[in-house]
Number of protein chains: 2
Amino acid sequence: VAARETQAPAAPHAAGHGGGLRPVSGLLDLLTLESIEEDIFRGESRNVSSVRVFGGQVAAQALVAVGSTVPAGRLVHSLHAYFIRPGDPRLPIVYRADRTRDGRSFSTRRVVAVQRDEVIFSLSASFQDPEKGLEHQSPSALTRDVIIGGPETAARDGDEEWARRRLSFPIEVRWAAAPRGTADPRRYSWFRADGTLPDDPLIHVCALTYASDLGLLASALAPHELAERRGEVMMSSLDHALWFHRPFRADDWLFYANESPIAIGARALSRGEIYDPAGHLVASVMQEGLVRLMGPG
Amino acid sequence: VAARETQAPAAPHAAGHGGGLRPVSGLLDLLTLESIEEDIFRGESRNVSSVRVFGGQVAAQALVAVGSTVPAGRLVHSLHAYFIRPGDPRLPIVYRADRTRDGRSFSTRRVVAVQRDEVIFSLSASFQDPEKGLEHQSPSALTRDVIIGGPETAARDGDEEWARRRLSFPIEVRWAAAPRGTADPRRYSWFRADGTLPDDPLIHVCALTYASDLGLLASALAPHELAERRGEVMMSSLDHALWFHRPFRADDWLFYANESPIAIGARALSRGEIYDPAGHLVASVMQEGLVRLMGPG
């Protein structure tokens, strides 16, 4: 643990996992954008063999882009995004940022992601100077029981599909089981960046943004006997919203609880909560996805 | 009930309330925008004596604006908005819509609300051709128990502050109590438009959008002994997101359950679910607000 370059206290569950020195995160490459002109940036994709760009990547890169236009010390507390067209992983993605407003304590930004002169994605985000105020957090006993288990008790790879797919993502994921004897509709996982990240809080937020899109929409399939890998459904993200509540490190383990409260009209809504290992809620997630049932043949 | 001009089945709880013919909703005036030029609209505010424009009004008018630019039959299923500057109720608000994309089954739109050449609000929304698919809805036994009570059992005016404030809004609201013996952190209410609305589904969605901003942020104060009316806190909405799951009428009673899962850093997150009287979830709501504690003196 001592070898990890982190200024935050080490997470209780991090010790003994990954074994000593972790590599610098490969995720950093994705989060490093080329500056083309003021407020114009260019990013590359990782999985150039995929049919389309992973949504979490576009959202994370877009947040890097607008984050670099905000006064120092002002931290992102929310983002709202729409996936508008599928991205082509073989082409670079150009991010055009708009400095909507710099107020006394808040900044608002918007960015569009463009390929072939067409908008594939848009994101708005709000940044705030750190400020103290009202505090509460709803107790979630069910979730707390699973968090206590820690990443040690979680499956390293989950199912075969995931074991294959996870190699494509610069994020480590372990699936956790719901407490025995409960009819818990939520899906639980632990995740962290694939290596050490620099201390800039924006990088950790962008890493979480990337990871938050992993498996979120799949929670909509939990109440049904359906799998995307068997070609029974076609799924794609429609929107993505995130609220960041407090600082955290994305190269320490984070705990992700997600569920789908409703699906109707070929759209499923998914809701996620992301906790640090001490059980503090660090982020809340909402996403709606298109879920089309594929007929046989 | 027979006299109400509705093509939808009458809600079970609607009978006997309002007594016979209801007036045409005053909310309609707010939702009627003047067309200035293609994709440019102008709206007026209602409470010109307020310090700032009610957020639900700007969101509803913005949705009217973009809704009028979408191919017929394509229904709004989500919106994401940021409140950027306070609106001045004495001035008209100009809405500039952008036709982001018309796809095969989805349309995406964006609109900014402008006063004095400054953006006060931005909203993105997505519209979909009706389509069938996967269906589920999480059971919420607690909520169902309160819905069964119906608006008859709910308080007509709630507290004094609300009795005074409600006169400013073209929405009827009745506060419902949580089931006895439960430590339920949620706040419950019934609401409907102040009179009959035309059948256009967009009008009902806009009416719900307006009403969804009423009291939502106040749920953040529930765990605390604080009140805005006593000058102990200053609250303002930062963002607003809505997902519309199925058709509904906003001139029939709708049931609103809301709660605040977390407050920290002078920001509170609120979550809402809106049901029809039969217990079908018709919309989900998320909003973050700035909640500043005001010191004495």
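The preceding data block contains the structure.
Presented here is a report on the structure given in the accompanying data block. Everything numeric in this text was worked out from a predicted model, so none of it was measured. (Residues numbered from 1 in each chain as written. Chains lettered and ligands numbered in written order. Predicted model: local features only at pLDDT ≥ 70, side-chain atom pairs only at ≥ 80, totals over all residues. Heavy atoms only, no water.)

### Digging into the packing of helix α2 (residues 55-67) of chain B against helix α5 (residues 201-212) of chain B
All names here are of chain B.
Then step 1. Packing of α2 against α5 brings their axes to within 7 Å, and their N-to-C directions diverge by 160°. Classed by the angle they form, the pair α2 and α5 counts as roughly antiparallel. As α2 packs across α5, the resulting crossing turns out to be right-handed. Along the contact surface, α2 presents G56, Q57, A59, A60, L63, V64 and G67, while α5 presents L202, V205, C206, T209 and Y210. (Axes fitted to C-alpha atoms, helices over the stretch in contact; angles between N-to-C directions. Helix = DSSP H or I, 4+ residues; strand = E, 2+ residues; numbered from the N terminus. Parallel < 35°, antiparallel > 145°, perpendicular 65-115°, else oblique. Left-handed = near helix turned anticlockwise from the far one by under 90°. Contact = heavy atoms within 4.5 Å.)

### Overview of the interface of chain B and chain A
Then step 1. On the chain A side, the residues contacting the 56 residues of chain B number 56 residues.
Then step 2. With both sides pooled, the region where chain B packs onto chain A buries about 5300 Å², and carbon together with sulfur makes up 58% of that total.
Then step 3. Sorting the residues of chain B by area buried against chain A places Y82, L134 and H136 of chain B first, and these three jointly supply 16% of that buried surface.
Then step 4. Remark: the boundary between chain B and chain A carries four salt bridges.
Then step 5. One salt bridge connects E131 of chain A with R292 of chain B, and the closest N-O pair in it is separated by 2.5 Å.
Then step 6. Between chain B and chain A we count 30 residue pairs in polar contact (both at pLDDT 80 or more) in total.
Then step 7. Broken down by element, the residue count for the side of chain B that touches chain A peaks at eight residues, all from strand β14 (residues 281-293) of chain B. (Buried area = accessible area lost by both parts, 1.4 Å probe. Salt bridge = Lys/Arg side-chain N within 4 Å of Asp/Glu carboxyl O. Polar contact = N/O pair within 3.5 Å; in protein donor to acceptor, adjacent residues only side chain to side chain.)

### Here we look at helix α2 (residues 55-67) of chain A
Then step 1. Taking 1.5 Å per residue as the helical rise, α2 of chain A with its 13 residues ought to reach 18 Å, and the 18 Å between its terminal C-alpha atoms agrees with that figure.
Then step 2. Judged by how many residues are buried, α2 of chain A sits mostly within the fold: 13 of 13 residues are covered. (Expected span 1.5 Å × (residues − 1). Buried < 20%, exposed > 50% of the residue type's maximum accessible area, 1.4 Å probe, protein only.)

### Observations regarding the relation of the copies chain B and chain A
Then step 1. Aligned on chain A, chain B shows an RMSD of 0.0 Å; the corresponding rotation is 180° and the shift along the axis is 0.0 Å. Given the turn and translation reported, the copies of this chain are related as if by a two-fold rotation axis. In terms of proximity to the rotation axis, the leading residue of chain B is H80 of chain B, whose C-alpha is 3.2 Å off the axis. (Least-squares fit on C-alpha atoms with pLDDT ≥ 70 in both.)

### Observations regarding unusual backbone geometry
Residues and elements named next belong to chain B.
Then step 1. Although it is not a glycine, D39 sits at a positive phi angle of roughly 70°.
Then step 2. Looking at the secondary structure, you find D39 in the loop between β1 (34-37) and β2 (40-43).
Then step 3. Under the relative-accessibility criterion, D39 is labelled buried at 14%.
Then step 4. Here the phi dihedral of D117 falls at roughly 65°; this positive angle occurs in a residue that is not glycine.
Then step 5. D117 gets classed as exposed once you look at its relative accessible area, which sits at 72%.

### Describing the environment of D276 of chain B
Residues and elements named next belong to chain B.
Then step 1. Relative to the assigned elements, D276 resides in the loop between β13 (267-275) and β14.
Then step 2. By relative accessible area, D276 is classed as buried at 16%.
Then step 3. Not counting residues up to four positions away in its chain, the partners in contact with D276 are I147, L254 and V282.
Then step 4. A polar contact of 3.0 Å, which involves the side chain of D276, links it to the backbone nitrogen of A278.

### A word on the environment of I147 of chain B
Then step 1. Among the secondary structure elements, I147 of chain B is positioned in helix α3 (residues 141-149).
Then step 2. Each C-alpha atom of the pair I147 of chain B and A278 of chain B lies 8.0 Å from the other, and the pair is 131 residues apart in sequence.

### A word on the packing of aromatic side chains
Then step 1. Considering all chains together, one arrives at 16 aromatic pairs over all chains under this definition.
Then step 2. With a centroid separation of 4.9 Å and 65° between ring planes, the pair formed by F54 of chain A and Y210 of chain A is classed as edge-to-face. Here Y210 of chain A lies in helix α5 (residues 201-212) and F54 of chain A lies in the loop between β2 (40-43) and α2, a separation of 156 residues in the sequence. Y210 of chain A shares its class with F54 of chain A; the two are buried.
Then step 3. For the ring pair F169 of chain B and Y210 of chain B, a centre distance of 6.4 Å and an interplane angle of 70° mean the geometry is edge-to-face. Of this pair, F169 of chain B sits in the loop between α4 (160-165) and β8 (171-176) while Y210 of chain B is found in helix α5, placing the two residues 41 residues apart along the sequence. Y210 of chain B matches F169 of chain B in its accessibility class, with the two residues each being buried. (Phe/Tyr/Trp six-rings, centres within 6.5 Å; stacked < 30°, edge-to-face > 60°.)

### Remarks on the pairing of strand β6 (residues 118-128) of chain A
Residue and element names in this part refer to chain A.
Then step 1. Taking burial as the measure, the 11 residues of β6 include 10 buried ones, the bulk of the element.
Then step 2. Here strand β3 (residues 75-83) pairs with β6 via eight bridges, running antiparallel. Bridging across to β6, L75 finds its partner in Q128.
Then step 3. One ladder, built from 10 bridges, connects strand β5 (residues 106-115) with β6; its direction is antiparallel. Bridge pairing links S107 to F127 in β6.
Then step 4. Between the end of β5 and the start of β6, which pair antiparallel, lie two residues, with R116 showing a positive phi angle near 50°. (Pairing = 2+ DSSP bridges.)

### With respect to the side chain of S236 of chain B
Then step 1. Residue placement: S236 of chain B occurs in strand β10 (residues 233-237).
Then step 2. In contact with S236 of chain B, not counting residues within four places along its chain, are R52, L217, G289 and L290 of chain B.

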